[in-house]
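In case you want the letters, here they are:
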Amino acid sequence: ESEKDGVKYMYVQYESLRRGYIDDVEFALAKGIVNVRTSSRVGYLDLGVNAKRYNWFARRLQSTGKWKTRSIQQAEHPEYFAQNQLSSDA
């Protein structure tokens, strides 16, 4: 966690229980906007894990009533959903 030029930044690693895969998640907060990046380190496909993680955070922020968020949805990201063999919103 750090802060520079009014931007608060946090980096988190998630490790899968089954295979030990590491995913990187970054949060940057500036001027009331949170940018989130979640990414698998290994491979091209993640079977929707990163979308589910992002959507979990988006729902939690939205539930506070203080944040506007958008989830990752199939209609807006059809290629991601097709490649990861997801049939509905993550």
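As shown above, the structure is provided for reference.
Residues numbered from 1 in each chain as written. Predicted model: local features only at pLDDT ≥ 70, side-chain atom pairs only at ≥ 80, totals over all residues. Heavy atoms only, no water.

> Looking at this model, I keep getting lost on the side chain of T38. Mind explaining?
When you line up the elements, T38 lands in strand β4 (residues 33–40). Judged by relative accessible area, which is 19%, T38 ranks as buried. A polar side-chain atom of T38 sits 3.1 Å from a polar atom in the side chain of R53. Discounting chain neighbours no more than four positions away, the residues touching T38 are D24, V25, N50, R53 and Y54. (Helix = DSSP H or I, 4+ residues; strand = E, 2+ residues; numbered from the N terminus. Buried < 20%, exposed > 50% of the residue type's maximum accessible area, 1.4 Å probe, protein only. Polar contact = N/O pair within 3.5 Å; in protein donor to acceptor, adjacent residues only side chain to side chain. Contact = heavy atoms within 4.5 Å.)

> Help me understand the sheet that holds strand β2 (residues 7–15) in this model?
Whenever strands of a sheet pair, they do so through backbone hydrogen bonds, lying parallel or antiparallel. Here four strands make up an open sheet; going across it, the order is β1-β2-β3-β4 and the pairing antiparallel. The strands lining the two open edges of the sheet, one partner per strand, are β1 (2–4) and β4. On average, each strand axis in the sheet is tilted by 20 degrees relative to the strand beside it, whichever way the strands run. For β2 and strand β3 (residues 22–30), the ladder comprises eight bridges, and the chain directions are antiparallel. Note on β3: the bridge partner recorded for K8 is L29. Helix α1 (residues 49–63) contacts β2, β3 and β4 of the sheet and is inclined by roughly 155 degrees relative to β4. (Pairing = 2+ DSSP bridges. Axes fitted to C-alpha atoms, helices over the stretch in contact; angles between N-to-C directions.)

> Explain the pattern of salt bridges to me, please; I cannot follow it from the model alone.
Pairs can form between side chains of opposite charge whenever their charged atoms are close. Counted according to the given criterion, the structure contains four salt bridges. Here R41 makes a salt bridge to D24, at a shortest N to O gap of 3.1 Å. Of this pair, R41 sits in the loop between β4 and α1 while D24 is found in strand β3, placing the two residues 17 residues apart along the sequence. (Salt bridge = Lys/Arg side-chain N within 4 Å of Asp/Glu carboxyl O.)

> In this structure, what is going on with the environment of Q85? I would like to understand it.
Checked against the element boundaries, Q85 lands in the segment after α2 (78–83). In the structure, Q85 is positioned 38 residues away from L47 in sequence and 7.0 Å away in space, judged by C-alpha atoms.

> Looking at this model, I keep getting lost on the environment of G48. Mind explaining?
With respect to the element layout, G48 can be found in the loop between β4 and α1. Classification of G48 by relative accessible area gives buried; the value is 0%. Non-local contacts of G48, meaning those with residues more than four positions away in its chain, are made with Y80, N84 and L86.

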